[in-house]
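So the chains spell out like this:
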Amino acid sequence: MHDLHDITSQLTEAQRLYDICDYDRSRIVADKVAGVLEHAHREESIEYSEAMRIFGMASYRMNDLAMADGALVFAYNARNKAGFGSDDIAKEILMALSEVAILRNDTIRANEMLELLHTVSE
């Protein structure tokens, strides 16, 4: 899984598993893709952002809020560095981060995420 086609197909599979609520397997596939991309020093790529987004969202659905928070931050930062910090997916990530912060009783962080979401939406 070192070429872009393999990575793309694995990300598609991770998303498919997420969509059918198989969050554990979705996380496993997304984590594997993220590991390959980290090994290739591609942490600022859209593919890395997507792997971390899927991993983070699956973690969120599994109520692993600390893991979701960390993964979604990586997802947003990578997407932003790749020049896509205000697209619809980035906005989805910021919204999920605000929800995670609320569930973790961190209203200050939730407000920061919502303010950032507002800023990138303008």
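Residues numbered from 1 in each chain as written. Predicted model: local features only at pLDDT ≥ 70, side-chain atom pairs only at ≥ 80, totals over all residues. Heavy atoms only, no water.

1. Points about the overall build of the chain
Here's step 1: Summing up its helical and strand segments, the chain has six helices and zero strands in all.
Here's step 2: In the chain, the succession of α and β elements from N to C terminus is α-α-α-α-α-α.
Here's step 3: Computed over C-alpha atoms, the radius of gyration of the chain comes to 14 Å, within 12% of the 14 Å expected from 2.2 N^0.38 for 122 residues, which places it in the range of a compact globule.
Here's step 4: Along the first, second and third principal axes, the C-alpha atoms of the chain reach 40 × 30 × 20 Å.
Here's step 5: Here the chain holds 122 residues, and the buried ones make up 43% of them.
Here's step 6: Restricting the contact set of the chain to residue pairs at least 6 apart, pairs at least 24 apart contribute 56%. (Helix = DSSP H or I, 4+ residues; strand = E, 2+ residues; numbered from the N terminus. Rg over C-alpha atoms; globule rule 2.2 N^0.38 Å. Buried < 20%, exposed > 50% of the residue type's maximum accessible area, 1.4 Å probe, protein only. Contact = heavy atoms within 4.5 Å.)

2. Examining the nonpolar core
Here's step 1: By size, the foremost hydrophobic cluster in this structure holds 35 residues, and its most contacted members are L72 and L94.
Here's step 2: Those elements giving two or more residues to this core turn out to be α1 (4-19), α2 (23-39), α3 (46-61), α4 (65-81), α5 (88-103) and α6 (107-121).
Here's step 3: The dominant element in this core, judged by the number of residues it contributes, is α3, at eight residues.
Here's step 4: Residues within four places of L72 in sequence aside, it is in contact with R53, G56, M57, I93, A96, L97 and V100. (Core = buried A, V, L, I, M, F, W, Y, C linked by side-chain atoms within 4.5 Å.)

3. Considering α5
Here's step 1: Here α5 contains 16 residues, and its C-alpha end-to-end distance of 23 Å stays within 8% of the 22 Å for a straight helix at 1.5 Å per residue.
Here's step 2: Looking at α5, one finds that the buried residues are A90, I93, L94, A96, L97, S98, V100 and A101.
Here's step 3: Here the buried face of α5 lies against α3, α4 and α6.
Here's step 4: Of the residues one or two after α5, N105 is the one with positive phi, at around 60°. (Expected span 1.5 Å × (residues − 1).)

4. Observations concerning the packing of α3 against α4
Here's step 1: Across the interface, α3 lies against α4 with an axial gap of 7 Å and an inter-helix angle of 160°. Looking at the two axes, α3 sits roughly antiparallel to α4. Considering how the two elements wind past one another, α3 and α4 form a crossing that is left-handed. Contacts between α3 and α4 involve I46, Y48, S49, M52, R53, F55, G56, M57, S59 and Y60 on the former and, on the latter, L65, M67, A68, A71, L72, F74, A75, A78 and R79.
Here's step 2: Of the residues that constitute the contact of α3 with α4, the class distribution is 14 nonpolar, three polar and two charged. (Axes fitted to C-alpha atoms, helices over the stretch in contact; angles between N-to-C directions. Parallel < 35°, antiparallel > 145°, perpendicular 65-115°, else oblique. Left-handed = near helix turned anticlockwise from the far one by under 90°. Nonpolar A, V, L, I, M, F, W, Y, C, P; charged D, E, K, R; others polar.)

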